[in-house]
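# Geometric and topological summary
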Amino acid sequence: MKIKIAAFLICMMLPVVAFAADDAEALLNKAVDELVRKGYVGDISAAQRYLQAILEQQPDHLEAQWQLFYIQLASLTNTKLSDRAQGLSAISPEFDRIAKLAKQSKKQAFLHFMTAMHASYYEAYERSLSEIERALALEPQSVRYATAKGRLLIGYGKRTKLDAEIEKGIDVLKKSRELFQKEPSPFVHDENYDFLIADAIATLSKPRWKEVAEHYRRFTEKPQASFAYAFAWNNASIAYKELGECDKAKEAAEKALKVMKFGAAESNKRYAEFCIEMQKMGLMVKK
């Protein structure tokens with residue numbers, strides 16, 4: 001019995017020992033990889049544990065603190081500005097503390113980047129774009145900052161309903177991808193560009209649905225059980241329906257629902273099925 005208890009205790013200790021053996025850099029790589037892969041949504045508890053472990057080793061680790069803060073920001077993404085005001089107000093002191101740490105650490109470019117991202121959640125895009133330009137002026141080859149600029153331009157274009165700004169953002173993302181392919185960054189995955197570009201094109205006043213469908217198809221070539229993967233299939237379903245490719249629209253919606261059940265995908269599956277029936281009746285043709 002004593003042997004069994006000892007073996008049990010050793011097994012219980014093993015994960016802790018292995019976890020503690022990882023240094024801050026290794027833990028950060030694991031955390032960032034999971035967060036980027038999942039788009040900062042869904043079950044990201046493992047990433048949060050990695051980041052907390054880093055702070056236990058190095059309490060002033062700037063990147064780990066920023067990642068934990070950005071997780072809180074990301075949770076407010078799909079809410080209206082009026083609804084997110086209280087949440088932003090609650091975490092603002094934390095941002096001020098991290099910004100002070102960045103300044104003390106003389107991480108000026110990173111400080112501009114953080115400020116740009118934080119301001120974007122207030123939809124203060126003029127401030128955001130100004131700050132990200134300052135970050136790029138200091139580190140012009142940063143894939144991370146260049147990608148952020150593209151996303152901010154698209155966000156600004158969506159808010160102001162200016163196609164020209166969205167197109168600028170798309171162009172910046174394409175150039176950022178070229179830079180990424182030369183010098184990969186852990187803060188973005190190559191397929192993420194397809195998701196971002198597809199989403200941007202879909203929000204134009206005259207969406208180019210064929211391009212949207214193609215970018216989402218590329219994104220889903222790397223299967224993963226994540227919200228982003230499910231959303232990509234769901235959004236691809238919309239694009240295929242707009243193109244009159246009803247069978248593909250239904251298939252895409254079904255693939256989204258295999259990852260997780262959510263109302264938008266259920267609706268798009270029904271729309272696709274109706275689309276198929278309309279085509280059978282000769283009331284709808286492919287575009």
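Criteria and thresholds
Residues numbered from 1 in each chain as written. Predicted model: local features only at pLDDT ≥ 70, side-chain atom pairs only at ≥ 80, totals over all residues. Heavy atoms only, no water. Helix = DSSP H or I, 4+ residues; strand = E, 2+ residues; numbered from the N terminus. Expected span 1.5 Å × (residues − 1). Buried < 20%, exposed > 50% of the residue type's maximum accessible area, 1.4 Å probe, protein only. Arc of directions from axis to C-beta. Contact = heavy atoms within 4.5 Å. Disulfide = S-S within 2.5 Å. 1 Å grid on protein atoms, 1.4 Å probe; cavity = no way out; pocket = protein on both sides within 12 Å on 5 of 7 lines; lining within 4 Å. Points joined across faces, edges and corners; volume = space filled by probe spheres on them.

This paragraph deals with helix α7 (residues 125–138). Compared with the 20 Å implied by 1.5 Å per residue over 14 residues, the 20 Å span of α7 between its first and last C-alpha is a close match. Along α7, the residues classified as buried are Tyr125, Ser128, Leu129, Glu131, Ile132, Ala135 and Leu136. End-on, the buried residues of α7 take up no more than an arc of 165°, which puts them together on one face. Exposed residues on α7 whose side chains face more than 90 degrees from its buried face are Glu126 and Ala137. Those residues of α7 that are buried lie in contact with α6 (108–120) and α8 (143–160).

On to the state of the cysteines. For the coordinates displayed, the defined rule picks out one disulfide. In this model, Cys246 is linked to Cys275 through a disulfide, with the two sulfur atoms separated by 1.7 Å. Taken together, the positions of Cys246 in helix α13 (residues 246–259) and Cys275 in helix α14 (residues 263–280) put the pair 29 residues apart, joining distant regions of the chain. Take Cys246: its relative accessible area is 0%, and that puts it in the buried class. Cys275 sits in the buried class, given a relative accessible area of 2%.

Estimated volume of the largest pocket: approximately 1,700 Å³. For the largest pocket, the lining is made up of 44 residues, of which Tyr70, Thr77, Tyr121, Arg151 and Leu196 are closest to its centre. If you list the elements that add at least two residues to the lining of the largest pocket, you get α2 (24–38), α4 (62–74), α6, α8, α10 (190–202), α11 (209–219) and α12 (227–242). Element by element, the count of residues in the lining of the largest pocket is highest for α8, at nine residues.

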